[in-house]
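# A closer look at the structure
Here's the letter readout for the chains.
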Amino acid sequence: MASTQAAAAGTQAPTKNPTLLAWVARMAEMTQPDSIVWCDGSEDEKKRLTDQAVKEGILIPLNQEKRPGCYLHRSNPNDVARVEHLTFICTPNKTDAGPTNNWMEPEEAYTKLGQHFTGSMKGRTMYVVPYAMGPIGSPFTKIGVELTDSVYVVLNMRIMARMGKQALDMLGDSDDFNRGLHSTGDVNPDRRYICHFPQDNTIWSFGSGYGGNVLLGKKCLALRIGSYVGREEGWLAEHMLILGVTSPKGETTYVAAAFPSACGKTNFAMMIPPAEYKGWKIETVGDDIAWMRPGPDGRLYAINPEAGYFGVVPGTNYKTNPNAMETIAKDTLFTNVALTPDGDVWWEGKDGEVPEELTDWQGRPWKKGSAEKAAHPNSRFTAPMSNNPVLSSKANDPMGVPISALIFGGRRSTTVPLVLQAFNWTHGVFLGATMGSETTAAATGKVGVVRRDPMAMLPFCGYHMGDYLQHWLDMQKSIGQLPKIFQVNWFRQDKNGKFLWPGFGENMRVLEWVVNRVHGRVPTKETLLGWVPRQDEGLNLKGLDLPADMVAEATSIKEDEWKTELKSQEVFFEQLGTKAPEALMLQRKLLISRLGG
Ligand SMILES: Nc1nc2c(ncn2[C@@H]2O[C@H](COP(=O)(O)OP(=O)(O)O)[C@@H](O)[C@H]2O)c(=O)[nH]1
Ligand SMILES: C=C(OP(=O)(O)O)C(=O)O
Ligand SMILES: [Mn+2]
């Protein structure tokens, strides 16, 4: 049996890479698939696998006149989000994973998961999916190979990454590739593991079919393994969108922004500025992940390692995000949305009337007025970035784009003002490190609880969070021209729970201020927390239909709220113990003294 599989791995393989062949054979020996298919990324292959997925009921074809090339997938109802409590960093020493990660000893993890993987692909096909994170040929780019028994994963990976022959060609005979193994298993909620082995450049994911757990190039490789490699190699792997903003004068400024999952990255990356901003243009480089390193001119250059968007569906409409609506009009895979009687998709917050009758995300009949949501709150679209009407021409640039501003933002109903600028790099790292955000449906667990989420990386940092923050501080020395750092909060609410700031396209007003600050064009006001827009010569509010007291409330700084906030930050820093960077502790002391002790 084993030798048959080893032979199968070799004979049909479109590569002679000995390390790759040996590894595929070894994994096939363990998982015992009936057959092995090497994916080439071609259109033929896409058609064949799509037809097969439809036949097996994994994909439901949508109305092809309304949504050409689009399909609906319904996941197992208890497998709809990332599972942070089952996600592990497997380093030889527990301290290397740090207090914010779950840890398992590597041998123990290989043994434990090995038991689940043994025979897990019996009666199934193992797909070998070579993929590149980053443009083909870019010095930033990393190659991964994911072995999976899920056609859904293959079809998603094909959208999310540069997949198939192009990646295999770039790898050549090198042994420098991420080894990813995924098996859907029986989706038993108690037998689900997402294990990362940074020392071995390996990821084993068992028992889930949800994107963030199984599209291994994304959160697992590009962030968890990426952040680990980035520290060793002197660069940053961040949970950030990248956009270019061009003024009517033709000046383009590139900005990267970190917001936790389901806190507005995709929306900000493709927003359309309000009518007052005639002649301004926003273009998307990336909507989720940025790999950033100092370039030869001393500036910080960023690439988006992905090729598609795995975006939150609910709340997306022609008012909030018209470009996303265009992006998902064709060639898109929808997961866990509702189905209309005429074969289109529907979700809470879509334009138009709520339909009288639907099939909900679990395939059950649904009627208007039902207390249950028709689409799952974490329902997702997977769409190629080439569908995006405002895709930046630099999205495929192997050298990336020079970043002038970094923005950190969370979902906070209180405390954090609309926008402020850090005094300097160290203070900016402090702002990122002390970020808090209310939890969302992107991960299983309670929604709406404030937790510390440094740089929006709490669930995605592949090593000790204290070392990570120190790495950010150290990067200051290797970046000749440091980006300016900002903090934003689109989610502050009034007493009745109404958002104080209209958000979405109107965030352009904040972005314009950021751009003006970067180029030293507007004065600011110093506050305890950082620099903020002045009343005069501050935010451009022309044409904004918003009472002045709401803007005042959204931008206010309340010292009593900050005293509470500082206590919560203290608990976080205490968790880091002796690894809490000294420079950040000094920043903290300065803030406490500014607040009057
Ligand atoms: N109130 C408000 N909601 C927003 C804003 N931007 C995004 N959202 C909502 O937040 C959710 C997640 O947004 P998304 O851009 O997909 O977040 P991502 O997961 O970080 O990419 C969606 O339901 C959006 O409609 C904003 O500026 N204001
Ligand atoms: C893809 C995910 O996140 P985001 O909302 O940041 O896109 C995820 O959390 O699995
Ligand atoms: Mn997103």
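Residues numbered from 1 in each chain as written. Chains lettered and ligands numbered in written order. Predicted model: local features only at pLDDT ≥ 70, side-chain atom pairs only at ≥ 80, totals over all residues. Heavy atoms only, no water.

In the annotation of an unreviewed UniProt entry, the chain is listed under the name Phosphoenolpyruvate carboxykinase [GTP] and assigned to Myxococcus stipitatus. Taken verbatim from the UniProt record of the chain, the Catalytic activity (unreviewed entry) comment is "oxaloacetate + GTP = phosphoenolpyruvate + GDP + CO2". Reading the Subcellular location (unreviewed entry) entry of the UniProt record for the chain gives the comment "Cytoplasm". (UniProt positions renumbered as here; feature names shortened; annotations may be inferred.)

### Focus: the packing of helix 3 (residues 43-55) against helix 6 (residues 151-160)
Packing of helix 3 against helix 6 leaves a shortest axis separation of 10 Å and a crossing angle of 145°. Between helix 3 and helix 6 the crossing geometry is left-handed. Judged by residue contacts, E43, K46, L49, T50, Q52 and A53 of helix 3 engage V151, V154, L155 and R158 from helix 6. Tallied by class, the residues present in the contact of helix 3 with helix 6 amount to five nonpolar, two polar and three charged. (Axes fitted to C-alpha atoms, helices over the stretch in contact; angles between N-to-C directions. Helix = DSSP H or I, 4+ residues; strand = E, 2+ residues; numbered from the N terminus. Left-handed = near helix turned anticlockwise from the far one by under 90°. Contact = heavy atoms within 4.5 Å. Nonpolar A, V, L, I, M, F, W, Y, C, P; charged D, E, K, R; others polar.)

### Observations concerning the side chain of N336
Relative to the helices and strands, N336 resides in the loop between strand 19 (333-335) and strand 20 (338-339). Overall, N336 belongs to the buried group, its relative accessible area being 2%. Within the structure, the side chain of N336 is placed 2.9 Å from the backbone nitrogen of S75, a separation counted as a polar contact. Residues contacting N336, with those up to four places away along its chain left out, are L72, H73, R74, S75, V80, W361, A375, H376 and S379. (Buried < 20%, exposed > 50% of the residue type's maximum accessible area, 1.4 Å probe, protein only. Polar contact = N/O pair within 3.5 Å; in protein donor to acceptor, adjacent residues only side chain to side chain.)

### Digging into the UniProt feature "binding site: GTP" (unreviewed entry) in the chain
UniProt feature "binding site: GTP" (unreviewed entry): in the numbering of this structure it lies at A262, C263, G264, K265, T266, N267, R380, R411, F504, G505, E506 and N507. The greatest C-alpha distance among the annotated residues, which extend across 246 residues, is 24.1 Å, indicating that they are dispersed rather than converging on a single site. The topology assignment puts G264 in the loop between strand 14 (252-258) and helix 10 (265-269). Accessibility expressed as a relative area gives 18% for G264, which makes it buried. Mapped onto the secondary structure, N507 falls in the loop between strand 29 (484-488) and helix 14 (508-518). Those residues in contact with N507 that lie beyond four places of it in its chain are F268, M271, W490 and W501.

### Examining the pairing of strand 14
In terms of burial, strand 14 is largely enclosed, as six of its seven residues are buried. Across seven bridges, the pairing between strand 13 (residues 240-246) and strand 14 is antiparallel. Bridging from a neighbouring strand, I242 pairs with A256 of strand 14. Hairpin geometry of strand 13 and strand 14 is characterised by an intervening segment of five residues between the two adjacent antiparallel strands and by a positive phi of about 90° at G250. With five bridges connecting them, strand 14 and strand 25 (residues 401-409) associate as parallel partners. When the bridges of strand 25 are listed, V255 appears paired with A405. (Pairing = 2+ DSSP bridges.)

### Notes on the site of ligand 1
Of all residues adjacent to ligand 1, which total 18 residues, the nearest are A262, G264, K265, T266 and N267. A distance of 2.7 Å is found between an oxygen atom of ligand 1 and a side-chain nitrogen or oxygen belonging to N267. For ligand 1, an oxygen atom lies 3.0 Å from a polar atom in the side chain of N507. Considering each element in turn, the shell around ligand 1 owes the most residues, three residues, to helix 10. Taken together, the residues of the shell around ligand 1 sort by class into nine nonpolar, seven polar and two charged. Each of domain 2 (237-305 + 391-594) and domain 3 (309-387) contributes no fewer than three residues to the shell around ligand 1. (Near = heavy atom within 4 Å. Domains from an automatic or database assignment.)

### Observations concerning the sheet that holds strand 3 (residues 71-73)
One open sheet accounts for five strands, arranged 2-3-19-24-18; its pairing is mixed. A single partner strand is all that each edge strand has here, and the edge strands are strand 2 (60-61) and strand 18 (308-312).

### Points about the site of ligand 2
Near ligand 2, the surroundings consist of 13 residues, among which R82, K219, S261, K265 and R380 are the closest. Between ligand 2 and the protein, one listed contact pairs an oxygen atom with a side-chain N or O atom of R82 at 2.6 Å. Between ligand 2 and the protein, one listed contact pairs an oxygen atom with a side-chain N or O atom of K265 at 2.9 Å. Computed on the free molecule, ligand 2 has an accessible area of 300 Å², of which 97% lies beneath the protein chains in the complex. In terms of residue class, the shell around ligand 2 is built from four nonpolar, three polar and six charged. (Areas by Shrake-Rupley, 256 points an atom, 1.4 Å probe, with all protein chains shown as cover.)

### Some remarks on the side chain of E238
Summarising the element assignment, E238 is placed in strand 12 (residues 236-238). Nearest to the buried, unbridged E238 among oppositely charged side chains is R231, at 11 Å. The contact partners of E238, leaving out residues within four places of it in the chain, are L223, D288, I289, A290, M292, M455, M457, Y468 and W472. (Lys, Arg positive; Asp, Glu negative; His and termini not counted. Salt bridge = Lys/Arg side-chain N within 4 Å of Asp/Glu carboxyl O.)

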